[in-house]
Amino acid sequence: MSVIYILLAVSIVVAIAFFVAFVVAVKKGQFDDSYTPSVRMLFEDELIKDKTNKTILTKKD
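None of these values were measured; they are calculated from a predicted model. Residue positions are given per chain, counted from 1 along the sequence in the order it is written. Only residues with pLDDT of at least 70 get local features here, since the model is predicted, and only at 80 or more are side-chain atom pairs given and counted; chain-wide, interface and lining totals rely on the full set of residues. Computation of side-chain values: all heavy atoms of the structure, hydrogens and water removed.

1. Here we look at the overall build of the chain
Just so we agree on the cut-off: We count a stretch as a helix when DSSP gives it H or I for four or more residues in a row; a strand needs E for two or more, and each element gets its number in order from the N terminus. Residue burial is assigned from relative accessible area. The probe radius is 1.4 Å, only protein chains are included, and a residue is buried under 20% of its type maximum, exposed over 50%, and partly exposed in between. Note on areas: Shrake-Rupley, 1.4 Å probe, and residue coverage restricted to the protein chains presented here.
Helix and strand counts for the chain stand at two helices and zero strands. Looking at the chain as a whole, 3% of its 61 residues qualify as buried. As presented, the chain carries roughly 6,900 Å² of accessible surface, and 65% of it is formed by carbon and sulfur atoms.

2. A look at a nonpolar patch on the surface
What counts is decided by this rule: Put simply, a patch holds well-exposed residues, over 30% relative accessible area, that have no salt bridge, with like charges counted together within 9 Å and Val, Leu, Ile, Met, Phe, Trp or Tyr side chains within 5 Å. Here, a salt bridge means any side-chain nitrogen of Lys or Arg that lies within 4 Å of a carboxyl oxygen of Asp or Glu.
A cluster of nonpolar residues, Leu8, Ile12, Ile16, Phe19, Val20, Phe22, Val23, Val24, Val26 and Phe31, forms a patch on the protein surface that exposes about 940 Å² of accessible area. Relative to the helices and strands, Phe31 resides in the loop between α1 (2–27) and α2 (36–39). For Phe31, a relative accessible area of 56% corresponds to the exposed category.

3. Points about the UniProt feature "transmembrane region" (unreviewed entry) in the chain
For clarity, the threshold we go by: UniProt positions are given in the numbering used here, feature names are shortened, and annotations may be inferred rather than shown by experiment.
UniProt's entry tags residues 6–26 with the feature "transmembrane region" (unreviewed entry), counted in the numbering of this structure. The span residues 6–26 shows a helical share of 100% and a strand share of 0%, and its end C-alpha atoms are spaced 31 Å apart.

So, in C-alpha cells, the structure goes:
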C-alpha cells in the first residue's frame, strides 16, 4: 500500500515539472509562429462557394 503513495507523489512531481516546463516555453515564445505570416500572402485565397438550395419549380396540372 505504501508503494501507491510513493507512485502518487512521484507522478504529481513529474506532472508539476512538465507544467512548469510548458509555462516557461510559452513565456519564452517557443510556440510563436514567425514563419507563416511572411508567406501567407503567397497563397491564393480560397473561394467561398455559395451553397444555395436551387430547386426547379414545376407546374402540376
